[in-house]
Amino acid sequence: MILLVTRPRRQAVGFARSFRVRFGEEVPIIISPALEVAPAGDPPVLDGISGLIFTSANGVEVFSNLTDDRRLSAYCVGAATAAVARGAGLEVALVAQNADDLVAGLLAAPPGGVLLHLHGVHTRGAVAQRLAAGGQPCRAQVIYDQVAQGLSLQARGVLSGRATVLLPLFSPRSAALVAEAAQSATAPLALAALSPAVRAAWAGPEPALECTARRPDSDAMLDALKMLIDAVQRLEGGDHPS
């Protein structure tokens, strides 16, 4: 087995480290980002804004590099996003599991004022529109782009090989990009999707094995990979996945 991590490099390195802690050194790891994050658009203007919405850690990181202003509360999707927000000096007022839960929570107990959703060029969930339609004023602003990257020669080599490739996918956009790059893959793919939406974005070869994480976070993704690793090992005791 080989683990292929296609997250943006900083996040990929962190996930690879967590994988090593849990599973040891036996499985080789290749890091080949399918996209990288780059600032885009103008710095946010916070006058008249009462709170910030972040649906990914990327938004928090770019925001914290654009301004030193930390006076506004943050409403976050995901524990990892909330952790980055706290690390950046923001007070986290709400942590939701996904965008739907975030919208529901904010509409159930509206904080008032005007919220600002800071997000990437490629975003899902129509958070600002749904909040505004529900009576909680909210604006949206793009502050970063997720720039597509070609997979490395090493990554393409393992996809063209015979060893099973453990392939964790963390976003619909990265799933779509990796699927395109893997169209001619010959290696058996053991695909772990962070959510049903991520799995739905995969249009590559049919995986030999697959699992969707029970929660959209890194710990649940490691649990999904554990299930795949166990399945590969059982198959290698008899028939190899194909």
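Predicted model only: the values in this text are computed from it and were never measured.

J.: Break down the packing of aromatic side chains for me, with residues and values.
T.: For the structure on display, the rule yields three aromatic pairs. Judged by centre distance (4.7 Å) and plane angle (45°), the ring pair of F19 and F23 falls under tilted. Residue F19 and its partner F23 are both found in helix 1 (residues 9-23); the two are separated by four residues, about one turn of the helix. Relative accessible area serves as the criterion here: at 0%, F19 is assigned to the buried category. Seen from the ring of F170, R7 lies directly overhead, with NZ or CZ sitting 3.9 Å from the centre.

J.: If you had to explain helix 1 to someone new, which residues and values would you point to?
T.: Counted at 1.5 Å a residue, the expected span for helix 1 with its 15 residues is 21 Å, and the 20 Å between its end C-alpha atoms agrees. For helix 1, the set of buried residues is Q11, A12, F15, A16 and F19. Along helix 1, the residues classed as buried sweep out an arc of 135° about the axis, all on the same side. Looking at helix 1, the residues exposed on the side facing more than 90 degrees away from the buried face are R17 and V21. Positive backbone phi, approximately 85°, marks G24, located one or two places after helix 1.

Reading the values: the criteria
Residues numbered from 1 in each chain as written. Predicted model: local features only at pLDDT ≥ 70, side-chain atom pairs only at ≥ 80, totals over all residues. Heavy atoms only, no water. Phe/Tyr/Trp six-rings, centres within 6.5 Å; stacked < 30°, edge-to-face > 60°. Helix = DSSP H or I, 4+ residues; strand = E, 2+ residues; numbered from the N terminus. Buried < 20%, exposed > 50% of the residue type's maximum accessible area, 1.4 Å probe, protein only. Lys NZ or Arg CZ within 6 Å of the ring centre and 35° of its normal. Expected span 1.5 Å × (residues − 1). Arc of directions from axis to C-beta.

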